[in-house]
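Now for the letters of each chain:
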Amino acid sequence: MFAKVLAALGLLTCVFLAIDMALPRRHQLAWRGWFKRTGLLISGFSLRGRFNSRDRRRAAHDAARDAIARAKHRSGTWDGNVYHGDDFEQRQRRKPH
């Protein structure tokens, strides 16, 4: 019984995909837009919905802001957007071999 239900769902999915591919581009976009508007696609099920949450974007923004603040407060000098560490002068004095 379970195998028949699973096979029927697979067949139904294939039929819908075949119909979608047979439609012109304008109708494909309209069909997919209707499908999304009705809520038949679960946003949390897809990877796009999983990685685009507001909390994750805010956490990434905060982490980037913290990394920039740490880089700015390091000891050393900045020449425009180039960072020269404390040991930069020592490396310049060495004779290259």
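As for the packing of aromatic side chains
In step 1: For the coordinates displayed, the defined rule picks out two aromatic pairs.
In step 2: With 6.4 Å between their ring centres and 35° between their planes, Phe16 and Trp31 make a pair best called tilted. Here Trp31 lies in helix 2 (residues 25-37) and Phe16 lies in helix 1 (residues 2-22), a separation of 15 residues in the sequence.
In step 3: You can call Phe16 partly exposed: its relative accessible area is 43%.
In step 4: Look at Trp31 and you get partly exposed, because its relative accessible area is 35%.

Examining the pattern of salt bridges
In step 1: Here the structure, examined in full by the defined rule, presents three salt bridges.
In step 2: When the shortest N-O distance is used, the salt bridge between Arg32 and Asp20 registers 2.6 Å. Of this pair, Arg32 sits in helix 2 while Asp20 is found in helix 1, placing the two residues twelve residues apart along the sequence.

Focus: the side chain of Asp20
In step 1: In this structure Asp20 comes out as buried when scored by relative accessible area, which is 9%.
In step 2: Not counting residues within four places of it along the chain, the set of residues in contact with Asp20 comprises Gln28, Trp31 and Arg32.

Here we look at the confidence of the model for the chain
In step 1: Per-residue confidence for the chain gives a mean pLDDT of 79; residues scoring 70 or more make up 72%.
In step 2: Of all helices and strands in the chain, the one with the weakest mean pLDDT is helix 5 (residues 88-93) (58), whereas helix 1 scores best (92).

Rules behind the numbers
- Residues numbered from 1 in each chain as written.
- Predicted model: local features only at pLDDT ≥ 70, side-chain atom pairs only at ≥ 80, totals over all residues.
- Heavy atoms only, no water.
- Phe/Tyr/Trp six-rings, centres within 6.5 Å; stacked < 30°, edge-to-face > 60°.
- Helix = DSSP H or I, 4+ residues; strand = E, 2+ residues; numbered from the N terminus.
- Buried < 20%, exposed > 50% of the residue type's maximum accessible area, 1.4 Å probe, protein only.
- Salt bridge = Lys/Arg side-chain N within 4 Å of Asp/Glu carboxyl O.
- Contact = heavy atoms within 4.5 Å.
- pLDDT = per-residue confidence, 0-100.

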